[in-house]
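# Overview (structure and organization)
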Amino acid sequence: MTDLPKAYAPRDVEGAIYERWLEADVFAPDGAGSTADPALPTFTIIQPPPNVTGSLHLGHAQRTAVEDLMIRHARMRGQRALFLPGLDHASIAAQVVLDRMLGEEGESRNSLGRERYLARMADFVSATREVILGQQRRVGASADWGRLRFTMDERSAKAVRVAFERLYRADLAYRTEALVTWCPGCLTSVSDLEVVPTPETGTLWSIAYHLVDAAGGAVDPDPAATIIVATTRPETLLGDTAVAVHPDDERYANLVGRFVRIPFVDRDVPIIADPIVDRAFGTGAVKITPAHDRDDRETGLRHNLPAPTILADDATITQSGTAYDGLDRYAARDAIVAALTARGDLADSKSHEMVVGRCQRSGDVIEPRLKTQWFIRTAPLAERALAATRSGRTRILPERFEKTWEHWLTNIRDWNVSRQLWWGHRIPAWYCPDGHVTVTSADIGPTACDTCSRPIKDLRQDPDIFDTWFSSGLWPFSTMGWPDDTADLATYYPTSVMETGYDIIFFWVARMMMLGLELTDRVPFHTVYLSGLIRDPEGQKMSKTKGNVVDPLGLIDESGADALRFALIHGATPGNDQRLGPTKLEHARHFANKLWNATRYVLGARPSTIPAGAERRHPNPSDLGPSERWLLSRTAATITAVDRAMADHAFGEVTRLLYDAIWGEYCDWGLELAKVRLADETLPVESREATWWTLVEVLDTYLRLLHPVMPFVTEALWGSLPHRATDPDLLIVARWPIASERDTAAEMGVGTMLDLVRGIRNARAEARVEPARWLPVDIAVPETLGATFEGIRPAIERLARARPLVRVLTREALSDADPNHLAVIAGEAEALVRFTAAGQAASPESGALDRARLERELAQAEGWLAAAQDRLSSETFVARAPAAVVENARTREADLTDQVARLRERLGA
RNA sequence: GGGCGAUUAGCUCAGUUGGUCAGAGCGCACGGUUCACAUCCGUGAGGUCACUGGUUCGAGCCCAGUAUCGCCCACCA
């Protein structure tokens, strides 16, 4: 037990506590301070590794909060709970950031060269790494830092090499020339997923291609002998190798098989028929550029067309053999349009709404182009991933994302994993002068060509690196030491929950599933919990360009990590975005403050007969009063409800349940009832001690339940409470509460008494009675509630400002001879609040106000009663509804009938 | 062009297998300063649960359609 400062100061509380957890070594399931039971199943969460590109944002804080909540819950239940933290090297994202920084220094990737560039990257990454780890600690992540992994560390590098070699040997990785999505700004291929379709207004140009005469060679002298094609990218005509029309298009039927001459390059290309063409679009004739358009590539392959490349890596025109070579693609476009106009071959140009693919990182317009690169054959992998979710071996939450999952995996394209970047895992493939490919996972590389045994000095390693998501895709098992047979892999894999944002379900979750199943033959996780995105108070997505990014540390400084976590978890429903603003944080901070003060009160209310350092005792049941039993029963109910919500992954519901229980029940009623009893000198000392021990017991329980949500403040407060000999030193490893059935059943009708107090308060307020004024109250309580009433009579007196409080046995005995009273009905109990005692006069309007209140209540009760009777009068309802429902309705009808009668009686109606 | 989500009190949102589910926080109104907390206490007002049909004894909750907003996927050059 320690003294608590009067004011709740989150910063003071939180700093010290994280250090204590670290010292106690309780984060690791096998740490020195672990209290885990080896007989229980393990619970593992692998953290989605944040990118080492900068600092964390609110989305990360939300992830961490949810993951940490699950881990702390599992840990308190005695499971070996592993929260394995990590960082992602984020190759392209990191390069974009570093390149920008270098640009400001007047340097560039090329000016430094590969070696110095990577050294710079290492410096940059080690700096941001510390920032990120510091942020996670501030949020309270109880991760096992001793197991911290990095997607660029040695272990990960080995996993990448072994994974690739295995995929290669299984013919699941192959190298081929194919059309890739190329970013001319980043100078690398990127994933289809990294292309952002952007609506833009462009121009649709119609260009006349002149027919070549049947003999071939000469252009048809008739200037009208043309076919007009429509395009938004006229510069690509330099790479055209055909014109396509729909096979059923009568307009062009007689032209199919003839040739046209492509301007500037003077190449004669065939007019082909292909059903891909949409007759209704443009002119119904399409130019085909197989090297620079995905559809055209497919068409080209179907018709055996050549595919000349006419765009260089930086999107300048190249190899066209025209004067346009060397020009930027857009300069070339302008020049070509001008030249076509001059030739009289530009038939039309009009404004056109279209969707342009832009690079997610640089914003450059993507240029598809042919490259020889490495691909992962995804079809067989996707099949296994689908089987895993269909069979329920892995469950996706919320379930609706399974549709998205199904759709993407059933339409998946092979995965291009080559990137022309420097920061990342180099592809372990070597090529010999004869074109043989050697793939090895050996860390020193091959010694000779696998095929022709040429020595290593004649081999050349692929200069490319892997897509950053390739190493991320191995994350759940590479972190455990795979491909080696480690103890961790045997113990903690497959993992329990993969928590991440729904925005990377394809990038990451699907890849982990595919690679995990293929390489480990097991699902990498049993549950996928998809979080929503955090938005600003206006519902805008937070982004650096909008300038509405919020630094979690700023919020933690202001309100505390506990408040931030509570706010984030409170609003979280799986898969749904949430807005976060100041009012929600305030709400959470007020709650932490409430908890703080409630604990301070309890500590200060210790009866003097209990020594300060006393060990915790269970009060003797016979010393408990009705309010204690009620409180214990409510607590047991809360435990049950929280357990259920936790099992449903309804974490927002958990916070709501605890907020209501702690504030609305424990503080508003539990403490107020206890105050009276603790001050009652007429009670035996054992009773007063039992009251206090009950307050401690219940508070202890709520602190445990709340700990996964608000770890710091609960740890601090719990440390100040008396404990049992069997309790550990720290709440983080204390046991999760178990609801007792005995407690659950012990409500004793206290709820009705509290309703009566509420009713009296309401009546007094409505009648504009001064709150502090004591008024005599006569109360009728049925025999069944008699003992309860007598047990908390002093509290009712004080809370209802009722004095003297006279109990009568029957309602009939409530004398209403004096019209100066307020009538209150609550369940089976009833009360009359009198104005005329001790020379106090009623205000003239009080009676009228009270009458108006009663009439309102009567009207409402009559309405409900009518509805209830209506329902019961329906034969089909009685016949078809479940018996319990009908029974319920009958009870309700009886209660309402009684209530209506009593209200009428009081109104004299 | 497909798919998904949202639409509940002035604002932000809960509402878990259809039967006291019409709720919370903030805001608002009225009233409260000794003894945990003004980061507080008490009381109250506010909603045809987007719209239209349907299923059912009974529908924010299930089905169909409509509207508005948002997201994802997609080869209309």
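Each value, and the rule that gives it
Residues numbered from 1 in each chain as written. Chains lettered and ligands numbered in written order. Predicted model: local features only at pLDDT ≥ 70, side-chain atom pairs only at ≥ 80, totals over all residues. Heavy atoms only, no water. Pairing = 2+ DSSP bridges. Helix = DSSP H or I, 4+ residues; strand = E, 2+ residues; numbered from the N terminus. Axes fitted to C-alpha atoms, helices over the stretch in contact; angles between N-to-C directions. Left-handed = near helix turned anticlockwise from the far one by under 90°. Contact = heavy atoms within 4.5 Å. Nonpolar A, V, L, I, M, F, W, Y, C, P; charged D, E, K, R; others polar. Parallel < 35°, antiparallel > 145°, perpendicular 65-115°, else oblique. Buried < 20%, exposed > 50% of the residue type's maximum accessible area, 1.4 Å probe, protein only. Core = buried A, V, L, I, M, F, W, Y, C linked by side-chain atoms within 4.5 Å. Salt bridge = Lys/Arg side-chain N within 4 Å of Asp/Glu carboxyl O. Near = heavy atom within 4 Å. Polar contact = N/O pair within 3.5 Å; in protein donor to acceptor, adjacent residues only side chain to side chain. Phe/Tyr/Trp six-rings, centres within 6.5 Å; stacked < 30°, edge-to-face > 60°. Lys NZ or Arg CZ within 6 Å of the ring centre and 35° of its normal. Expected span 1.5 Å × (residues − 1). Disulfide = S-S within 2.5 Å.

The strand order across the open sheet formed by three strands is S19-S18-S20, and the pairing between neighbours is antiparallel. Looking at strand neighbours, the two that pair on one side only are strand S19 (437–439) and strand S20 (460–461), the edges of this open sheet. In this structure, strand S18 (residues 429–431) lies alongside S19, joined through three bridges in antiparallel fashion. Bridging across to S19, Ala429 finds its partner in Val439.

Two numbers describe a pair of packed helices, the interaxial angle and the distance between the axes. Between helix H4 (residues 109–139) and helix H14 (residues 552–559), the least distance of the axes is 10 Å, while the angle of their chain directions is 35°. Considering the relative orientation of H4 and H14, their crossing is left-handed. Side by side, H4 and H14 meet where Gln135, Arg138 and Val139 of the first sit next to Leu553, Ile556 and Asp557 of the second. Partitioning the contact of H4 with H14 into residue classes produces three nonpolar, one polar and two charged.

This brings us to the packing of helix H19 (residues 685–706) against helix H20 (residues 711–720). Across the interface, H19 lies against H20 with an axial gap of 9 Å and an inter-helix angle of 155°. Relative to H20, the element H19 lies roughly antiparallel. Along this stretch, H19 crosses H20, giving a crossing that reads as left-handed. Taking contact as the criterion, the partners of Asp700, Leu703, Arg704 and Leu706 in H19 are, on H20, Thr714, Leu717 and Trp718. Its residues assigned to classes, the contact of H19 with H20 comprises four nonpolar, one polar and two charged.

Turning our attention to the side chain of Thr694. In this fold, Thr694 is placed in helix H19. Judged by relative accessible area, Thr694 falls into the buried class, the value being 1%.

Moving on, we come to the nonpolar core. Within the largest apolar cluster, 144 residues are counted, with the highest numbers of intra-cluster contacts made by Trp21, Leu564 and Tyr666. Not counting residues up to four positions away in its chain, the partners in contact with Leu564 are Leu58, Ala61, Pro552, Leu555, Ile556, Leu580 and Leu585.

Following the criterion strictly, the structure yields 59 salt bridges and no others. Glu665 is the partner of Arg634 in a salt bridge, and the nearest nitrogen-oxygen pair spans 3.0 Å. Of this pair, Arg634 sits in helix H17 (residues 626–647) while Glu665 sits in helix H18 (residues 651–678); the two residues are 31 residues apart in sequence, bridging distant segments of the chain. On the accessibility criterion, Arg634 (27% relative accessible area) is partly exposed. Two residues, Glu797 and Arg803, come together in a salt bridge whose shortest N-O distance is 3.7 Å. For Glu797, a relative accessible area of 17% gives the class buried. Exposure remark for Arg803: the relative accessible area of 44% places this residue in the partly exposed category.

This paragraph deals with the protein's contact with RNA strand B. In the vicinity of RNA strand B, 54 residues are found, and the nearest of them are Asp278, Asp295, Arg656, Trp663 and Arg880. For RNA strand B, the fraction of atoms within 4 Å of the protein that belong to sugar or phosphate moieties is 60%. His590 places a polar side-chain atom, nitrogen or oxygen, 3.1 Å from a phosphate oxygen of RNA strand B. Between RNA strand B and Asn597 there is a distance of 2.9 Å, counted from a sugar or linking oxygen to a side-chain nitrogen or oxygen. Counting residues per element, the ones that place at least two in the surface near RNA strand B are strand S8 (226–231), strand S13 (346–359), helix H9 (401–410), helix H16 (582–604), H18, helix H22 (750–766), helix H25 (875–880) and helix H26 (883–907). The element best represented in the surface near RNA strand B is H16, accounting for 10 residues. Across the surface near RNA strand B, the residue classes break down as 19 nonpolar, 13 polar and 22 charged.

All right, on to the packing of aromatic side chains then. Inspection of the entire model under this criterion finds 26 aromatic pairs. When the centroid spacing of 5.1 Å and the interplanar angle of 45° are considered together, the rings of Phe566 and Phe591 count as tilted. Here Phe566, found in helix H15 (residues 561–570), pairs with Phe591, found in helix H16; they are 25 residues apart in sequence, far enough to count as distant. According to the relative accessible area criterion, Phe566 is buried, its value standing at 0%. Judged by relative accessible area, Phe591 falls into the buried class, the value being 0%. Ring geometry for Tyr666 versus Tyr702: centroids 6.2 Å apart, planes at 80°, classification edge-to-face. Taken together, the residues span a long stretch of sequence, with Tyr666 in helix H18 and Tyr702 in helix H19 at a distance of 36 residues. Just as Tyr666 is buried, Tyr702 falls in that class too. Put simply, the rings of Phe164, Tyr168, Trp374, Trp415, Phe466 and Phe470 pair up and form one aromatic cluster. Geometry around Trp422 places Arg109 over its ring, the cationic atom sitting 6.0 Å from the centre. One residue, Arg892, lies across the ring of Trp864, its end atom 5.5 Å from the ring centre.

So, on to helix H2 (residues 58–76). Given 3.6 residues to a turn, an α-helix orients residues that are three or four positions apart in the same direction. Helix length check: H2, at 19 residues, gives a terminal C-alpha distance of 26 Å against a target of 27 Å (1.5 Å per residue), a fit within 8%. Burial analysis of H2 places 19 of its 19 residues in the buried class, which makes it a mostly covered element. Looking one or two places after H2, you find Gly78, whose phi comes out positive at around 90°.

A few words on the state of the cysteines. Inspection of the entire model under this criterion finds zero disulfides. The structure places no disulfide on Cys186, whose sulfur is separated from the nearest cysteine sulfur, that of Cys183, by 3.5 Å. A residue is classified by how much of its surface remains accessible, and Cys186, at 6% relative accessible area, is buried. The thiol of Cys359 is unpaired, and the distance to the nearest cysteine sulfur, on Cys183, comes to 3.7 Å.

One open sheet holds the four strands; their spatial order is S27-S26-S29-S28, and the pairing between them is mixed. Edge positions in the sheet fall to strand S27 (802–808) and strand S28 (821–826), since each has one partner strand and no second. This sheet shows a mean twist of 20° between the axes of neighbouring strands, independent of strand direction. Two elements, strand S26 (residues 775–780) and S27, share five bridges in a ladder whose sense is parallel. Residue pairing for S27: Ala780 is matched across the bridge by Val808. In the packing of H22 onto the sheet, the strands contacted are S26, S28 and strand S29 (829–834), and the crossing angle to S28 comes to about 150°.

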